[in-house]
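Each chain, letter by letter, is given below.
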Amino acid sequence: MPEPNKPIAALFKEIQEGSSSAFDILFLAYYNKLLAFAQQYIKQPQVAEEITSEMFVKIWLKRNTLSHIINPEVYLFIAIKNACLNHIRNDKKHHQHIVAEEETGHADVLINDQGTVMEGRELRGILDQAITTLPEQRKIIFKLIKEDGFKCKEAAEILGISVRTVESQLYKAIKTLAEALSGYLGYHPQKQNLKKKKRYTLFIIFFL
Amino acid sequence: MEKKYFLKLLSQKLANTISDADHEQLKQAIEQNGHYKQLSDQIIQYFKTEKKTIPAENQLERTWAMISKAERGAYEYSFNFEDRSNLSLSYAYFFKIASVLTLFIVLGFLSYYWSNQKNGFNHIYTTNQKMFKVLDDGTKIWLNKQSSVRYSKTFGKKKREIFLEGEAYFDVVKNKAVPLFIHVGNIDIEVKGTAFNVNAYKENSSIQVSLVRGLIQVTDKADTAHKILLKPSEKLIFPLKKTDRIGNNDFVVAIIGPKLLLKETKWTADTLLFNKEMLKVLALRMEKKYDVKIEIKSEQLKEKRFSGTFTSETIEQALEALKISYPLNYTINNRLVVIKD
């Protein structure tokens, strides 16, 4: 990820002192990430953009209160999440549920290629595709850790859930990736069945 | 190392929460297993890839414009960044809950009324041939000769209930929200996603339930507190006649070995009866019967429907029979069968 040259805590301090260039650095480092995060809750791109921009407006206008914030990065994500959830709650018609799904241009790759050497980009497509099939919350957790480099503890704090839940959701996401890969790398599903059978036989012997 | 455990360690490694000892264990597992190595290499590499994004310079300009507007007091905020989730326990919430409850009560009455109407059921029965049926929820039923199942036309939506007479093998699709009940003779079986055989021919003196995998709970209809949890490779024998029972504890559980278990369910595999079944579904069942892997190279063929019975036929004879009813080509190479146009 494009780390700002200065740690975010230092940026917050400079912004508090009124440095507009520190604000610019913070904005360029985090805008896209926060926008992507907002888009996971709000499916209308315009609304997600407005939420993200408005949050930065607030950061600047309330800059003299920034000093209470312990973990600025987590704070930014929580603010976005709150705004998104409040917006969904207020928007009684729930328009955002009808808006088109994410692009799924990789589905045919799964079927077509057999035995050909795949390219890294293609494989990434397979994995990206697998990620889009995850349940919303799991997808959000996965992206917080992969794209935004958060630790499980921070992701848990952002989403207001337990660290355990984050860990188990991440595990399930990795499992989905492994399944998608197994299918693609020509790992024979029958072998897997055989393995299952073996395990099962063992289980019975254990019972006897 | 079990795959599940391997993936657990891998996810810990990716989240940077793995302990040194576990990391060492993970490394070893990767060295020993080529498939694990492939998986971990690809997933770790995937984790390192970054989404390329265009620097949001336009947005920055726009935001500064918004800021200057706000400083003049001319900007209207449209979002709230505070956590308001606790405030929503208001009247609106109360009414929502109340209306949902009312809805449930009404639905309860209606479904009770509907389930009492006999014509709301699908009835399937066999005479001298076995039958295979996939229900709407994906649950598979192999029905033995002289048996019948009855289930509601709304099966799978609100509840899953099957009434059985005779013998059947069930492979039940897991659905925590809608448990499946099988009513047979004087017992009820609650199923949580599993495969098992029920033998309840009226001529028998007992009902026999053999569990292949999963978990089921069996309840005595006469006394609902009287129940038992059955584990894989266990077989429950429940006498039909009261006089055959020994005191209160009349659930007899036998542990059966894998060979015996296979014998119990063998009847499902030896006859393959299909009625207007798509080739892709039929192929799955043929894979089971003949212990082969079948690949269908034509999308069109996959959807083609066939009817017939295979009992003592060899795989060649079976494929030849399919070929007669519809022009297709096949090759058999060891245990791999390829079917194409």
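Residues numbered from 1 in each chain as written. Chains lettered and ligands numbered in written order. Predicted model: local features only at pLDDT ≥ 70, side-chain atom pairs only at ≥ 80, totals over all residues. Heavy atoms only, no water.

1. A look at the overall build of chain A
Link 1 in the chain: Helix and strand counts for chain A come out as 10 helices and 0 strands.
Link 2 in the chain: Shown N-terminal to C-terminal, the secondary structure of chain A runs as helices and strands in the order α-α-α-α-α-α-α-α-α-α.
Link 3 in the chain: In chain A, which comprises 208 residues, the proportion classed as buried is 45%.
Link 4 in the chain: Sequence-distant contacts, at least 24 apart, represent 65% of the contacts inside chain A between residues at least 6 apart.
Link 5 in the chain: Looking at chain A as shown, the accessible area adds up to about 11,300 Å², and 54% of this sits on carbon and sulfur atoms. (Helix = DSSP H or I, 4+ residues; strand = E, 2+ residues; numbered from the N terminus. Buried < 20%, exposed > 50% of the residue type's maximum accessible area, 1.4 Å probe, protein only. Contact = heavy atoms within 4.5 Å. Areas by Shrake-Rupley, 256 points an atom, 1.4 Å probe, with all protein chains shown as cover.)

2. Remarks on the packing of aromatic side chains
Residues and elements named next belong to chain B.
Link 1 in the chain: With the rule as written, the count across this model stands at 19 aromatic pairs over all chains.
Link 2 in the chain: Consider the rings of Trp142 and Tyr169, whose centres lie 5.3 Å apart with planes at 65°: the pair is edge-to-face. With Trp142 in strand β3 (residues 140-143) and Tyr169 in strand β5 (residues 160-171), this pair connects stretches of sequence that are 27 residues apart.
Link 3 in the chain: Relative accessible area serves as the criterion here: at 9%, Tyr169 is assigned to the buried category.
Link 4 in the chain: With a centroid separation of 5.4 Å and 25° between ring planes, the pair formed by Phe170 and Phe196 is classed as stacked. With Phe170 in strand β5 and Phe196 in strand β8 (residues 195-200), this pair connects stretches of sequence that are 26 residues apart.
Link 5 in the chain: In this structure Phe170 comes out as buried when scored by relative accessible area, which is 0%. (Phe/Tyr/Trp six-rings, centres within 6.5 Å; stacked < 30°, edge-to-face > 60°.)

3. Let's talk about the sheet that holds strand β18 (residues 336-340) of chain B
Residue and element names in this part refer to chain B.
Link 1 in the chain: Pairing within the open sheet is mixed, and its 3 strands lie in the order β15-β18-β17. Two strands bound the open sheet, and with one partner strand each, they are β15 (293-296) and β17 (329-333). For this sheet the average axis-to-axis angle between neighbouring strands, irrespective of direction, equals 15°.
Link 2 in the chain: Its contacts with the sheet place helix α8 (residues 279-290) against β15 and β18, and it is angled at close to 165° to β15.
Link 3 in the chain: Contacts between helix α10 (residues 315-325) and the sheet are confined to β17 and β18, with β17 contributing the most and set at about 170° to the helix. (Pairing = 2+ DSSP bridges. Axes fitted to C-alpha atoms, helices over the stretch in contact; angles between N-to-C directions.)

4. Here's the deal with helix α7 (residues 136-146) of chain A
Link 1 in the chain: Burial of α7(A) is extensive: 9 of the 11 residues sit out of reach of the surface.
Link 2 in the chain: Among all positions of α7(A), only A:Arg138, A:Lys139, A:Ile140, A:Ile141, A:Phe142, A:Lys143, A:Leu144, A:Ile145 and A:Lys146 are buried.

5. Notes on the pattern of salt bridges
All names here are of chain A.
Link 1 in the chain: Under the counting rule described, the total for this entry stands at 14 salt bridges over all chains.
Link 2 in the chain: Here Glu17 ties to Lys13 by a salt bridge, and the two come within 3.7 Å at their closest N and O atoms.
Link 3 in the chain: Via salt bridges that share partners, Lys43, Glu136 and Lys139 belong to a single interconnected network. (Salt bridge = Lys/Arg side-chain N within 4 Å of Asp/Glu carboxyl O.)

6. Quick look at the interface of chain A and chain B
Link 1 in the chain: In this assembly, 58 residues from chain A lie in contact with 58 residues from chain B.
Link 2 in the chain: When chain A packs against chain B, close to 5,400 Å² is buried across both sides, 67% of that on carbon and sulfur atoms.
Link 3 in the chain: Across the contact surface, chain A and chain B share 11 residue pairs in polar contact (both at pLDDT 80 or more).
Link 4 in the chain: Listing elements by their share of the side of chain A that touches chain B, those giving two or more residues are α2 (20-41), α3 (45-61), α4 (72-90), α6 (120-132), α7, α9 (163-184) and α10 (189-207) of chain A.
Link 5 in the chain: Taken together, the residues that form the side of chain A that touches chain B break down as 34 nonpolar, 11 polar and 13 charged. (Buried area = accessible area lost by both parts, 1.4 Å probe. Polar contact = N/O pair within 3.5 Å; in protein donor to acceptor, adjacent residues only side chain to side chain. Nonpolar A, V, L, I, M, F, W, Y, C, P; charged D, E, K, R; others polar.)

7. So, the confidence of the model for chain A
All names here are of chain A.
Link 1 in the chain: In this model, chain A carries a mean pLDDT of 76, and residues with pLDDT of at least 70 account for 71%.
Link 2 in the chain: Overall, residues 93-118 carries pLDDT values under 50, and its contacts beyond four positions in sequence, including any with other chains, amount to 24 contacts.
Link 3 in the chain: Counted against residues more than four places away or in other chains, residues 188-208, with its pLDDT under 50, gives 22 contacts. (pLDDT = per-residue confidence, 0-100.)

8. Looking at unusual backbone geometry
Residues and elements named next belong to chain B.
Link 1 in the chain: The phi dihedral of Ser233 is positive, around 65°, even though this residue is not glycine.
Link 2 in the chain: With respect to the helices and strands, Ser233 occurs in the loop between β11 (223-230) and β12 (234-239).
Link 3 in the chain: Residue classification places Ser233 among the buried residues on the basis of a relative accessible area of 1%.
Link 4 in the chain: For Asn334, which is not a glycine, the phi torsion comes out positive at approximately 60°.

9. A few points about a nonpolar patch on the surface
Residues and elements named next belong to chain B.
Link 1 in the chain: On the surface, a cluster of nonpolar side chains totalling about 320 Å² of accessible area is made up of Leu103, Val106, Leu107 and Leu110.
Link 2 in the chain: Looking at the secondary structure, you find Leu103 in helix α5 (residues 91-115).
Link 3 in the chain: What makes Leu103 exposed here is its relative accessible area of 53%. (Patch = residues over 30% accessible without salt bridge, like charges linked within 9 Å, V, L, I, M, F, W, Y side chains within 5 Å.)

10. Thoughts on α3(A)
Link 1 in the chain: For α3(A), which comprises 17 residues, the first-to-last C-alpha distance of 25 Å matches the rise-based estimate of 24 Å (1.5 Å per residue) to within 8%.
Link 2 in the chain: Of the residues making up α3(A), those classed as buried are A:Val47, A:Ala48, A:Ile51, A:Thr52, A:Ser53, A:Glu54, A:Met55, A:Phe56, A:Val57, A:Ile59 and A:Trp60.
Link 3 in the chain: The inward-facing, buried residues of α3(A) contact α1 (8-16), α2 and α4 of chain A together with α4 (57-71) of chain B. (Expected span 1.5 Å × (residues − 1).)

11. A few points about the packing of helix α8 (residues 152-159) of chain A against α9(A)
All names here are of chain A.
Link 1 in the chain: Close contact between α8 and α9 brings their axes to 8 Å; oriented N to C, the two are set at 110°. The angle between α8 and α9 falls in the class roughly perpendicular. Pair α8 / α9 crosses with right-handed handedness. Side by side, α8 and α9 meet where Cys152, Lys153, Ala155 and Ala156 of the first sit next to Val163, Val166 and Glu167 of the second. (Parallel < 35°, antiparallel > 145°, perpendicular 65-115°, else oblique. Left-handed = near helix turned anticlockwise from the far one by under 90°.)

12. Regarding the side chain of B:Lys235
Link 1 in the chain: Counting through the fold element by element, B:Lys235 comes out in strand β12.
Link 2 in the chain: Within the structure, the side chain of B:Lys235 is placed 3.1 Å from the side chain of B:Gln208, a separation counted as a polar contact.

13. Considering the environment of B:Lys13
All names here are of chain B.
Link 1 in the chain: You can see Lys13 is positioned in helix α1 (residues 3-14).
Link 2 in the chain: Distance from Lys13 to Leu26, taken between C-alpha atoms, is 8.9 Å for residues 13 residues apart in sequence.
Link 3 in the chain: Discounting chain neighbours no more than four positions away, the residues touching Lys13 are Ile18, His23, Leu26 and Ile44.

14. What about the pairing of β18(B)?
Residues and elements named next belong to chain B.
Link 1 in the chain: Sheet topology note: the β15/β18 ladder contains 4 bridges and is parallel. In the sheet register, Ile296 faces β18, and the bridge partner there is Ile339.
Link 2 in the chain: In terms of strand pairing, β17 meets β18 through 5 bridges, oriented antiparallel. In the sheet register, Thr331 faces β18, and the bridge partner there is Val338.
Link 3 in the chain: Where β17 hands over to β18, the hairpin turn is made up of 2 residues, of which Asn334 adopts a positive phi near 60°.

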